[in-house]
Amino acid sequence: MKKQWVAGGLGIILTASILLSGCSSSTEQLNKKSDGAGGGTKTLTFWRAGTDPAENAYWKRVISDFEAKHQGVKVAYSEVPFGSDMETKLNAAYASGTSPDVLSYTLASLAQRANLGQYEPLDAYTSKWADKSDMMESVVDTGTYKGKLYGLGFIPDPRVLLWRKDLFKAAGLDPEKPPANWDELTQYAEKLTKKDGATTTMAGFGIPTATGWTLWQSFVLQNGGKIIDPETNTPLFDSPESIEATQYLIDMVKKGITIPNDSTKSNENLFPNGKAAIAYDSPAAFTNLQKDHPELNGQIGVSGPISRKMKSTFAGMRLLFMSSQSKQKDLAFEFMQTVMAKEETWARYKELGTPVVRKSLKDDYIKENPVMNGAIFDAVTYGQGAAKVTYSGKMYEFISLNLEEAYYGKKTGEQAMKDAAAQLTKELPNLISK
């Protein structure tokens, strides 16, 4: 039976600062490399963020295949929970010179660790890698920082548009026709919203009112706005395009189109809990809602992002990074190539359900599941992840807090964005110096 891909922590975990700590003996033991004794065995260390059993089984299979094709090579594999556990372990390893040769981690780590010189630029390796031209442009761009390629994206985490066909029918809407633009989204959401007095019981459109920056970013980009200029560290989210997108969302919240929620908390996330008629969410929300409510099988629609001035959506990414401390970089890139190979990309989709990242697999991928996979491929093509700056965590914290105040009527969209930009600008000298 094909395992279902469940997104979690892909590109959303934003680390505001690097906390240096001492090296633990377990980290030293994990990274202890062979000096050639014992038959000349080489040990390649590989860490991945995450602890789910399905991916554990996948990596053990990949490693077994790699070792079988590379006689004399052993891959020392370790998995570490996302967030502070991985950060602490990596800090200790880099401080002691025992970092893993290859690391599977989130986009959020890219700017910080590339700036610290901990991630190895891959351009010298990929310039001789014929398969690079088959990688989706958005995936290559995601792993690029300050003109250099540092990460190979291999597990995208896009947000697709989901809707309830049964609720569309009940509201007199065509269940096979989702909203295509902002005007239609507003019209549909108003018709789909259900209330008990002044209390919304079914959100016409699920808008996170706390920690809501991912949805907000999608709408800013759709309106032609930008988040930050990474070269000058200038906030751009107080531009007219951003303010207009912000006010659009605020106006819908004021109409009671959503139910107050924090989408990062599974018990509050509206769509998979059956409390929203339309939402931007991960493909896992589609799977989870049908799993928990089998009566809705066939009643959930899915498509790629809507557009205003342009198509866009949020798309996190898990990437493969090479440590600059690695003493066997050629072998490390050989392992990375193996994971990124066309056959392995397809095997990963079949085993884990993860989206493909190679252009040549588009037709086969969509043929497997035309509606869902077509929407996912579209979302990965037009998606963007978190801004690649070292202070992204703090920046999105300012944005989310000001958004929340605006959603509760304390600020206009313009004031919220200007306040967030001012707060970030004030803190930037401290954030950049860390």
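As a reminder, the structure under discussion sits directly above these lines.
First, a word on scope: everything that follows refers to the structure included in this document. Throughout, residues of each chain are indexed from 1 in the direction in which the sequence is written. This being a predicted model, a pLDDT of at least 70 is required before a residue's local features are given, and a value of 80 or more before pairs of side-chain atoms are given or counted; all residues contribute to the totals for chains, interfaces and linings. Each side-chain value is derived from all of the structure's non-hydrogen atoms; neither hydrogens nor water enter the calculation.

**Examining the environment of Leu270**
Then comes step 1: By the criteria applied, helices consist of DSSP H or I runs no shorter than four residues and strands consist of E runs no shorter than two, each listed in order from the N terminus. Position of Leu270 relative to the elements: it lies in the loop between α11 (240–254) and β12 (278–281).
Then comes step 2: Given a relative accessible area of 4%, Leu270 falls into the buried group.
Then comes step 3: Along the backbone, Leu270 and Phe219 are 51 residues apart, and their C-alpha atoms lie at a distance of 19 Å.
Then comes step 4: Excluding residues within four positions of it along the chain, Leu270 makes contact with Ala203, Gly206, Thr258, Ile259, Asn261, Lys275 and Ala276. For every residue, the accessible area (1.4 Å probe, protein chains only) is compared with the maximum for its type, and the residue is labelled buried under 20%, exposed over 50%, or partly exposed between those bounds. Any pair of residues with heavy atoms lying within 4.5 Å of one another is described as a contacting pair.

**Some words on the environment of Thr390**
Then comes step 1: By secondary structure assignment, the location of Thr390 is in the loop between β15 (383–384) and α17 (392–407).
Then comes step 2: A C-alpha to C-alpha distance of 4.7 Å links Thr390 and Gln112, two positions 278 residues apart in sequence.

**Side note on the environment of Leu431**
Then comes step 1: Residue position: Leu431 is located in helix α18 (residues 413–433).
Then comes step 2: Take Leu431: its relative accessible area is 11%, and that puts it in the buried class.
Then comes step 3: The sequence separation of Leu431 and Lys394 amounts to 37 residues, and the corresponding C-alpha distance is 8.3 Å.
Then comes step 4: The contact partners of Leu431, leaving out residues within four places of it in the chain, are Tyr391, Lys394 and Leu424.

**Some words on α17**
Then comes step 1: Here α17 spans 22 Å end to end across 16 residues, near enough to the 22 Å set by a 1.5 Å rise per residue.
Then comes step 2: Of all the residues in α17, the buried ones are Ser392, Gly393, Met395, Tyr396, Phe398, Ile399, Ser400, Asn402, Leu403, Ala406 and Tyr407.
Then comes step 3: Positive backbone phi, approximately 80 degrees, marks Gly409, located one or two places after α17. By definition here, a helix of n residues has an expected span of 1.5 Å times n minus one.

**What to know about the packing of helix α3 (residues 53–69) against helix α13 (residues 329–340)**
Relative placement of two packed helices is described by the angle separating their axes and the distance separating the axes.
Then comes step 1: Every axis corresponds to a line fitted to the C-alpha atoms, with the helix fit spanning only the stretch in contact, and the corresponding angles, defined between N-to-C directions, vary from 0 to 180 degrees. For the pair α3 and α13, interaxial distance at closest approach is 11 Å and the crossing angle is 125 degrees. Viewed along their axes, α3 and α13 adopt a mutual orientation that is oblique. Viewed along their axes, α3 and α13 form a crossing whose handedness is right-handed. Mapping the contact onto sequence places Trp59, Val62, Ile63 and Phe66 in α3 and Leu331, Glu334, Phe335, Thr338 and Val339 in α13.
Then comes step 2: Looking at the contact of α3 with α13, its residues break down into seven nonpolar, one polar and one charged. For classification, angles of less than 35 degrees are called roughly parallel, those exceeding 145 degrees roughly antiparallel, those between 65 and 115 degrees roughly perpendicular, and all remaining angles oblique. By convention, the crossing between two helices is left-handed when the near helix turns anticlockwise from the far helix through less than a right angle, and right-handed when the turn is clockwise. Note on residue categories: nonpolar means Ala, Val, Leu, Ile, Met, Phe, Trp, Tyr, Cys or Pro, charged means Asp, Glu, Lys or Arg, and polar means any other residue, Gly included.

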